[in-house]
Structures are given as structure tokens and as C-alpha cells.
Amino acid sequence: MKMQYMDLEQSCLELISRFHSDEIGNRLAFSLTTELINTQLKSARTSIWMFNQVKNKVECKDLFTKKTKSHQSGGIILRRKNPLYFEALETTKCVVANDARTHQATKSLNESYLQPNGVVSKLSVPIYVKGEIIGIICNEETDHIRDWKISDVALIKEINMMLEDIFASTEN
């Protein structure tokens, strides 16, 4: 399985490096990344969210849904309505919510996000650049509670490290 991750990492790195240069390139890079991660984790939904400059909200830059094989963007999650989720993202390496409806950090998302989208389980891993949180990679399950594995978290963290390197290099 480690070899699969390494192949996925290399593919992501090449694709993101090639396309991450402007807004259109970012959208393509994000969509390719969510699809590649989703293929590996086999979750119902995979998304990349980015913080605004003042860190009071995140906006979905790409959401890949496995069932429909489609991409969406534009959803927003506000800090003032979900303070525990934002706090958990900023103070932990990841939020592993096997039952997102009852998990302390994610239950505030129930009415506005989880229920409308049928999300039952959620795995959120922050993206950092130079020690500052800039985004999140999320994986979600819709049909059943998913017991996220250590290998699931490890894969997302590996992809995150690559994203961090790319964002840091394009910042300079």
C-alpha cells in the first residue's frame, strides 16, 4: 500500500506543480487532487477548502463527489457559527469525526452542512504554509459511519505536505 501512496503523491505533485500558477490553474490542480485522493480513499466526497485572509471563514475550492463523478465549489463555512470546528483545525493535526453528527468539533455543522449534504463521517486535515493554516482537505462519508483508519490520515497528511511545499514555493 505504501507504493500506491508514493505513486499517488508523485502524480499529485506533478499535476499541482504544473497547474498551480493562477486561479484557473488552481481550480484544475484542486480538482485533480480531490479526484486522486478520492480514488485512493474511496470516500463519498473529497474537498479542498481555503481560508480567507482574516481566517473567519473557509470556502470550498473543489468538492469531488464519487457517486456522480462531479466537481463543485463555492460552499462557505463560517467561524462564528462553528467555533469549535475552527479551533480544532487550528490546534490539532486533524479532526477525525467518525460520527460527525455527534463529534464535539463537527456537530455544529449538522444543520447547515452535514444534514443537507447527507454527511455522516468527516476527516479534516489542515493545510499549513510556514506555520500558518491556509486550508483544509476533507473526506466525507454519506451512507454510513466510517471508522477512519490511520492509513487514511497518513495519506492526507502526505498530500498536505506536498501542497504546503507548493504553496510555500509559489508564495516566494
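In case you missed it, the structure is sitting above this.
Residues numbered from 1 in each chain as written. Predicted model: local features only at pLDDT ≥ 70, side-chain atom pairs only at ≥ 80, totals over all residues. Heavy atoms only, no water.

Caption draft 1: Summary view of the overall build of the protein chain. The secondary structure content of the protein chain amounts to five helices and seven strands. Moving toward the C terminus, one meets the helices and strands of the protein chain in the order α-α-β-β-β-β-α-β-α-β-β-α. When each of the 172 residues of the protein chain is scored for burial, the buried share is 48%. When the accessible area of the protein chain is evaluated, it comes to approximately 8900 Å², of which 53% is carbon and sulfur surface. (Helix = DSSP H or I, 4+ residues; strand = E, 2+ residues; numbered from the N terminus. Buried < 20%, exposed > 50% of the residue type's maximum accessible area, 1.4 Å probe, protein only. Areas by Shrake-Rupley, 256 points an atom, 1.4 Å probe, with all protein chains shown as cover.)

Caption draft 2: Geometry of the nonpolar core. Core analysis: the biggest nonpolar cluster contains 21 residues, and Trp-49, Val-58, Ile-77, Tyr-85, Tyr-113 and Ile-136 have the highest contact counts within it. Of all the secondary structure elements, the ones that give two or more residues to this core are strand S1 (45-51), strand S2 (57-65), helix H3 (83-91), strand S5 (95-97), helix H4 (110-117) and strand S7 (132-141). Not counting the four nearest positions on each side in its chain, Tyr-113 is found in contact with Arg-45, Trp-49, Ile-77, Val-119, Lys-122 and Glu-140. Counting 19 residues, the second-largest nonpolar core is a separate cluster that includes Leu-123, Val-125, Ile-127 and Ile-156. (Core = buried A, V, L, I, M, F, W, Y, C linked by side-chain atoms within 4.5 Å. Contact = heavy atoms within 4.5 Å.)

Caption draft 3: Spotlight on the environment of Lys-130. Looking at the secondary structure, you find Lys-130 in the loop between strand S6 (121-129) and S7. Each C-alpha atom, one on Lys-130 and one on Asp-165, is 9.2 Å from the other, the two residues being 35 residues apart in sequence.

Caption draft 4: Representation of unusual backbone geometry in the model. The backbone phi angle of Lys-42 is positive, close to 55°, even though this residue is not glycine. On the secondary structure map, Lys-42 appears in the loop between helix H2 (23-41) and S1. On the basis of relative accessible area, Lys-42 is assigned to the exposed category, the value being 55%.

Caption draft 5: A look at the side chain of Thr-106. Topologically, Thr-106 is positioned in the loop between S5 and H4. For Thr-106, the residues in contact, after removing those within four places along its chain, are Tyr-85, Val-95, Ala-97, Ala-100, Leu-114 and Lys-122.

Caption draft 6: Spatial organisation of the environment of Ile-137. Inspection of the secondary structure assignment puts Ile-137 in strand S7. Residues Ile-137 and Ile-159, 22 residues apart in the sequence, show an inter-C-alpha distance of 9.1 Å. Look past the residues within four positions of Ile-137 in its chain and what remains in contact with it is Ile-37, Ser-47, Ile-48, Leu-123, Ser-124, Val-125, Ile-127, Ile-156, Ile-159, Asn-160 and Leu-163.

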